[in-house]
Amino acid sequence: MSKVSIIMPVYNAEKYLGQAIESVLSQTYTDFELLLIDDKSTDNSKEICREYSKKDSRITLLANNSECHGPGPTRNIGLDYATGDYVYFMDADDWIDQELLECTVNRMKETNAELVEFGLINEWNDGNEGHQYCWKGRDLLTKDEIKRDFLQFWKESGKNLVMHLFRYNIVETIRFENIINSEDICFMMDVLCKVEKIAYISEPFYHYRYVEGSTCHHWVENTVECLELLWNHQKRFLESFQVQMDSLAYAVVAYDDYSWALYQLGSRFCPLTYREKRRELLRLEKKMEFDSYRRIYPLEMQHGLLKIKFMLIKYRLEGIILLFGALYYRLVNGK
């Protein structure tokens, strides 16, 4: 068997940590190591990890005692200690189906891919399931095929770190950025620069717990800096294809980042004044050279209320979202 290194950063996760670890221990594929990296938790998380490490020799408790904290630097410690042929990342407040490792390892071996992607289910704290994502395209893609239909790949592919099993030799020299938001997507972009073949499994093995107050749903002060850095990683991915990508591919990726910045700045949780929001957005626009992509984006790629936002961006009217974003996003979310 080939060993899988499972890397799990842990920070104040005592409420759900046991379920996450138990879901790993119940895997039908048993040749794994679980690296629990405590990031200076102030609750009982570290003790829970310690007790599990005493019970099962496959579990190792590590600590992030560096000056750099957060999920990125903490996962980097796991990568430094990983000894497996494959690497898998999961979060300490989620859980996985028992056949995840077996199915993904088998798929990796039968296709000789460097990356295997599978599906995800959003789980709400009230016990209800939310949106389910599964890849709907071909079950195997080469880099040349990704290039030929890049827009479909970008639209349909899952960019969430936890939806992928990696070959160790692909991630061996890649490390996470020390940022609070988008560090996982930056990592994925660096991986995609090196990957020549992706295999897919159209089943949702991962259960992502939707937690109010996550970095997706509250204001992060350096949001714009994170998106600047993300854009640089995405450009490197676009530039990694042997044949130059056309400007439409760059425009679609750029719109994703700019639209996310607009969501963060226009949402009710953003504490900035309108003038401050405009200044932040203008800074991102200049860093990304976003004006060169405005007119290129095809509005037919969007529908409904989302199309309105992309139309406002295209015609330089995004200030309306900054003014009335809270109301707009309530309508988009059906609230």
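Use the structure listed above.
Since the structure is predicted, the reported quantities are computational estimates derived from the model, not experimental observations.

Now, about the overall build of the protein: what can you tell me, with residues and values included?
Counting secondary structure elements, the protein contains 13 helices and 10 strands. Counting all 335 residues of the protein, 53% fall into the buried class. With the model as given, the accessible surface of the protein reaches about 15,700 Å², and the carbon-plus-sulfur share is 49%. Separation between the mean location of the 41 positive side-chain charges and that of the 52 negative ones in the protein comes to 6 Å.

I'd like a rundown of the side chain of Arg 75, residues and numbers included.
When you line up the elements, Arg 75 lands in helix α3 (residues 71-81). Assessed through its relative accessible area of 6%, Arg 75 is described here as buried. At a separation of 3.0 Å, a polar atom in the side chain of Arg 75 contacts the side chain of Glu 183.

Let's hear about the packing of helix α1 (residues 14-25) against helix α2 (residues 45-55): which residues, and what values?
Running from N to C, α1 and α2 cross one another at 25°; their axes reach a closest spacing of 9 Å. With respect to α2, the element α1 is oriented roughly parallel. Relative to α2, the crossing made by α1 is right-handed. Facing α1, whose interface residues are Glu 14, Leu 17, Gly 18, Ile 21, Glu 22 and Leu 25, α2 presents Ser 45, Ile 48, Cys 49 and Tyr 52. In the contact of α1 with α2, the residues fall into six nonpolar, two polar and two charged.

Which residues make up the pattern of salt bridges, and what values go with them?
Using the criterion set out here, one finds 16 salt bridges in the structure. Salt-bridge contacts for Arg 50 lead to Glu 47; the nearest nitrogen and oxygen are separated by 2.7 Å. Remark: Glu 47 and Arg 50 occur in helix α2; sequence separation between them is three residues, near one turn of the helix. Judged by relative accessible area, Arg 50 falls into the partly exposed class, the value being 29%. In this structure, Arg 138 and Glu 145 form a salt bridge, with 3.1 Å as the shortest nitrogen-oxygen distance. Shared partners join several salt bridges into a network, and the residues in it are Glu 285, Asp 291, Arg 294, Arg 316 and Glu 318.

Go over the pairing of strand β2 (residues 32-38) with me, naming the residues and quoting the values.
For β2, the tally of buried residues reaches seven of seven residues, placing the bulk of the element in the interior. The handedness of the strand β1 (residues 4-10) to β2 crossover, carried by α1, is right-handed. Of the strand pairs in this sheet, β2 and strand β3 (residues 59-63) are connected by five bridges, and their pairing is parallel. Within the sheet, the bridge partner assigned to Asp 38 lies in β3 and is Ala 63. A crossover links β2 with its parallel partner β3, the connecting element being α2, and its sense is right-handed.

So what about the nonpolar core? Which residues, and what values?
If you look at the biggest cluster of nonpolar residues, it comprises 108 residues, and the most contacted ones within it are Val 4, Met 8, Tyr 88, Phe 150, Phe 153, Phe 166 and Phe 187. By residue number, the principal contributor to this core is helix α10 (residues 247-266), which donates 12 residues. Here Val 4 is in contact with Tyr 29, Asp 31, Phe 32, Glu 33, Tyr 86, Tyr 88, Leu 101, Val 105 and Leu 165, once residues within four sequence places are set aside.

Describe unusual backbone geometry, with residues and values.
Positive phi, close to 60°, is recorded for Asn 112, a residue that is not glycine. Looking at the secondary structure, you find Asn 112 in the loop between α4 (100-111) and β6 (115-123). The residue Ser 182 is not glycine, and still its phi comes out positive at about 75°. With respect to the secondary-structure elements, Ser 182 resides in the loop between α7 (168-171) and α8 (183-194).

Cut-offs used in this document
- Starting afresh in each chain, residues are numbered from 1 along the sequence in its written order.
- Only residues with pLDDT of at least 70 get local features here, since the model is predicted, and only at 80 or more are side-chain atom pairs given and counted; chain-wide, interface and lining totals rely on the full set of residues.
- Neither water nor hydrogens contribute to the side-chain values; these are computed over all heavy atoms in the structure.
- Numbering goes from the N terminus for both helices and strands, where a helix is a DSSP run of H or I of at least four residues and a strand is a run of E of at least two.
- Accessibility here uses a 1.4 Å probe with only protein chains present; expressed as a share of the type maximum, an area under 20% marks a residue as buried, one over 50% as exposed, and anything in between as partly exposed.
- Residue exposure ignores everything except the shown protein chains as possible cover, and the areas themselves are Shrake-Rupley values with a 1.4 Å probe.
- Residues scored as positive are Lys and Arg, those scored as negative are Asp and Glu, and His as well as the terminal groups of each chain are ignored.
- For this purpose, a charge sits on NZ of Lys, CZ of Arg, CG of Asp or CD of Glu.
- Between N or O atoms, a polar contact is any pair within 3.5 Å; within protein, one atom must be a potential hydrogen donor and the other a potential acceptor, and residues adjacent in sequence are included only when both atoms are from side chains.
- Under this scheme, a helix contributes an axis fitted over its contacting stretch, all axes are lines through C-alpha atoms, and angles between N-to-C directions fall in the 0 to 180 degree range.
- Our angle categories are set so that under 35 degrees counts as roughly parallel, over 145 as roughly antiparallel, 65 to 115 as roughly perpendicular, and the remainder as oblique.
- The sense of a crossing depends on the near helix, which, turned anticlockwise from the far helix by less than a right angle, makes the crossing left-handed and, turned clockwise, makes it right-handed.
- Should any heavy atoms of two residues lie within 4.5 Å, those residues are counted as being in contact.
- Under the grouping applied here, Gly and all other residues not named as nonpolar or charged are polar, the nonpolar ones being Ala, Val, Leu, Ile, Met, Phe, Trp, Tyr, Cys and Pro and the charged ones Asp, Glu, Lys and Arg.
- By convention in these notes, a salt bridge is any Lys or Arg side-chain nitrogen within 4 Å of a carboxyl oxygen on Asp or Glu.
- Note on handedness: a clockwise path from strand one over the helix to strand two, with the strands aimed away from the viewer, defines a right-handed crossover.
- Between any two strands, pairing holds if DSSP finds at least two bridges.
- Among buried residues, the Ala, Val, Leu, Ile, Met, Phe, Trp, Tyr and Cys ones that are joined through side-chain atoms within 4.5 Å form a nonpolar core.

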